[in-house]
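Architecture and fold: a report
The lines below spell out each chain.
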Amino acid sequence: MSTETKESLNFIEQMIEEDIANGKNDGRVHTRFPPEPNGYLHIGHTKALCISFETAQKYGGKTNLRFDDTNPSTEETHYVEAIKKDIKWLGFEWDGEARFASDYFPQLYAFAVDLIKKGLAYVDDLSPEEMAAQKGTPTKPGVNSPNRDRSVEENLDLFEQMKKGEHPDGSMVLRAKIDMTSPNMLMRDPIMYRIKHEKHHRTGDEWVIYPMYDFTHGQSDAIEGITHSLCSLEFIHHRPLYDWFIKHLEIFPSKQTEFARMNVTYMITSKRKLLKLVQEGLVTGWDDPRMPTISGMRRRGYPAKALREFCKKVGVARRENLIDIKLLENCVRQELNQTANRMMAVLDPVKVVITNYPEDKTEDLILINNPEDESAGKRVVPFSREIYIERADFREDPPSPKKFYRLGPERNVRLKGAYIIRGESFVKDENGVITEIHATYYKDSKSGEDNSGVKAKGVLHWVSVPHAKEIEVRNYDRLFTDETPTNHEGKDFLEFFNTESLKTITGYGEPALTKVKSGEQFQFMRIGYFCCDPDSSEDKIVFNKTVSLRDGFKKKK
RNA sequence: UGACCUAUGGUGUAAUUGGCAACACACCAGUUUUUGGUUCUGGCAUUCCAGGUUCGAGUCCUGGUAGGUCAACCA
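Let me begin by describing the structure that accompanies this report.

The subject of this paragraph is the overall build of chain A. What chain A contains, in helices and strands, is 13 helices and 25 strands. Relative to a compact globule of 557 residues, whose C-alpha radius of gyration would be 24 Å, chain A shows 31 Å and is clearly more extended. Overall size of chain A, expressed as C-alpha extent along the three principal axes, is 100 × 65 × 40 Å. Sequence separation of 24 or more characterises 70% of the internal contacts of chain A that already satisfy a separation of 6 or more. With an accessible surface of roughly 26,700 Å², chain A has 47% of that area assigned to carbon and sulfur atoms. Separation between the mean location of the 82 positive side-chain charges and that of the 88 negative ones in chain A comes to 6 Å.

As structure tokens, this is what we get:
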């Protein structure tokens, strides 16, 4: 008898298993991911990506990548490339070639003609203002357009004229004839096609009329044989319309299911607002390591695996949610703890002179690269008479001496992988700032061959002064000072922009840090995880702080 | 003054579909450790409210309450 706990299914998986059990679509599962190429993918898309790709994968199905490119005003090809790159980086493979809704423009046009012929669509040349006025409000029904009962012939003719470019932008639209009194605003004769004399990123000048989202999405799903069209909750009101078009066009009945989008503290997921950060120069670009975009998180050093694990832990449901960013950071640490090699770097240095260590001596010490992964091997780290340690690792007069394990006068401390040293004295400048610490070492306390009998509670990281390499370190903090910067009525989210979100400093690293490639990740011992930035050059290696280590000392303070 | 969606610890998801409210994160207290990291242990809930059905309700019924979404020729 096995007592293994049964994995619980989320509501989408439950639905799919039911569909499969009922033999629906011959048990086929085919999902799709439909980004609009008008911006970069962000943390919210990561969840959508995981749901669509992983759910299909779980049931032996496929996932299409389809760009929803029906609005030439905002869409650009370079976004297409960035989106593809992000999806691949996350580790997802779409079925066949990437598809485009614009590939279906001819078919969509034919669908529209079909509906006109069925008396279910009409051309309306009311002004946008008049149309809005007639639409009513959520609590007040709309009224019919005077053009609602044009003859099929006239509609066919006018629609053809629209297509041929005989009418200016905004002068007329094609609408579905549904119900102006519906409590669902989207069913009040929604617009199917509008005129836009604009160049499309793929079809160029071929079209001057473009279908709206609602007249594109469901049909595209149907054309591709998508069985389960998974989207976020805000499309829930679109579902009746999605079904209406499929029903009246008599095409493959794809089924839309909605889930709650993910919100993460201190992050925003509005493409428009992210674009604003980029345009106003508050960040260096869509891939600024502070951005909640996939490209930003990649550059920051968040592993793809950690992002997927995060989504898994977040789960899927239909209620509003706000995930603590600490969960994401936990996933990142957990992954990096296993994979990132350890290095020593001192980011706020103060010099220590070991007065009883020979002046011209250098020792090559051997340190383990990753205690969590033996196969990561070892490396050589030079040790000498003068070293850097962190300023915070020395206290002239610790406030609570019993809880302070670090260096101070008459205090012993272990230098990681090297010797135990004892603080003796220190030098201050005219401002009272410590400029140099003097210490002595215990000769027979060398790491691995310690028979000194000396005890040291604390262990410090260090870098040998003559061997130290300068590195640029970009320390990042949250992009906003508020958990939900977009949730304050009457306040612009930019009021919560954290002007201290980037602090660039110069630190010293051990020599091995100079042979590092862009994208490589390390744990700087006792500090955090860092990722080599593409801005690095031969004479200046740049590191992005991915996330700090958990700090038990800080907490107790 | 409408329609639709949702309500389970601080946060997010579970609960074999009516049978002892579980897991993760966070937080707190310890343990281990040549990283104050990692590991390990323990602590942390009147399931929105009020009635009802039942031997038994987070789950079913009735009535409330609260939050979210919808009025772009955006997706």
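Once you've had a look at it, read on.
If you trace the three strands from one edge of the open sheet to the other, you get β1-β2-β3, paired in parallel fashion. Edge positions in the sheet fall to β1 (30-33) and β3 (99-100), since each has one partner strand and no second. Where strand β2 (residues 62-67) lies against β3, two bridges are found, and the strand directions are parallel. Bridge pairing in β3 places phenylalanine 67 opposite phenylalanine 100. Sitting on the sheet, helix α2 (residues 43-58) is in contact with β1 and β2, with an inclination near 160° to β1. Here helix α3 (residues 77-90) sits on the sheet in contact with β1, β2 and β3, set at roughly 160° to β2.

If you look at the biggest cluster of nonpolar residues, it comprises 47 residues, and the most contacted ones within it are Leu49, Ile87, Phe310 and Leu328. Looking at this core, the elements with two or more residues in it are α1 (11-21), α2, β2, α3, α10 (294-300), α11 (304-314) and α12 (325-339). The dominant element in this core, judged by the number of residues it contributes, is α2, at seven residues. Both of domain 1 (6-259) and domain 2 (271-341 + 471-548) provide at least three residues apiece to this core. Membership of the second largest hydrophobic core comes to 36 residues, among which are Leu174, Ile195, Phe215 and Leu249.

With that settled, the discussion passes to α3. Counted at 1.5 Å a residue, the expected span for α3 with its 14 residues is 20 Å, and the 20 Å between its end C-alpha atoms agrees. Every buried residue of α3 is listed here: Tyr79, Val80, Ala82, Ile83, Lys84, Asp86, Ile87 and Leu90.

Among the secondary structure elements, aspartate 189 is positioned in the loop between β5 (173-176) and β6 (191-195). One polar contact links aspartate 189 to tyrosine 122, side chain to side chain, over a distance of 2.6 Å. Beyond its immediate sequence surroundings of up to four residues, aspartate 189 is in contact with Tyr122, Arg148, Arg175, Ala176, Lys177, Ile178, Asp179 and Met180.

What follows deals with the pairing of strand β24 (residues 528-532). The buried count for β24 comes to five of five residues, which makes it a mostly enclosed element. In this structure, strand β23 (residues 521-524) lies alongside β24, joined through four bridges in antiparallel fashion. Following the sheet pairing, glutamine 523 is matched in β24 by tyrosine 529. Taking the residues that link successive antiparallel strands as the turn, the β23-β24 hairpin has three residues, and the phi of arginine 526 there is positive, at about 70°. Here β24 pairs with strand β25 (residues 541-548) via five bridges, running antiparallel. When the bridges of β25 are listed, glycine 528 appears paired with serine 548.

What counts, and where the lines are drawn
Residues numbered from 1 in each chain as written. Chains lettered and ligands numbered in written order. Predicted model: local features only at pLDDT ≥ 70, side-chain atom pairs only at ≥ 80, totals over all residues. Heavy atoms only, no water. Helix = DSSP H or I, 4+ residues; strand = E, 2+ residues; numbered from the N terminus. Rg over C-alpha atoms; globule rule 2.2 N^0.38 Å. Contact = heavy atoms within 4.5 Å. Areas by Shrake-Rupley, 256 points an atom, 1.4 Å probe, with all protein chains shown as cover. Lys, Arg positive; Asp, Glu negative; His and termini not counted. Charge placed at Lys NZ, Arg CZ, Asp CG, Glu CD. Pairing = 2+ DSSP bridges. Axes fitted to C-alpha atoms, helices over the stretch in contact; angles between N-to-C directions. Core = buried A, V, L, I, M, F, W, Y, C linked by side-chain atoms within 4.5 Å. Buried < 20%, exposed > 50% of the residue type's maximum accessible area, 1.4 Å probe, protein only. Domains from an automatic or database assignment. Expected span 1.5 Å × (residues − 1). Polar contact = N/O pair within 3.5 Å; in protein donor to acceptor, adjacent residues only side chain to side chain.

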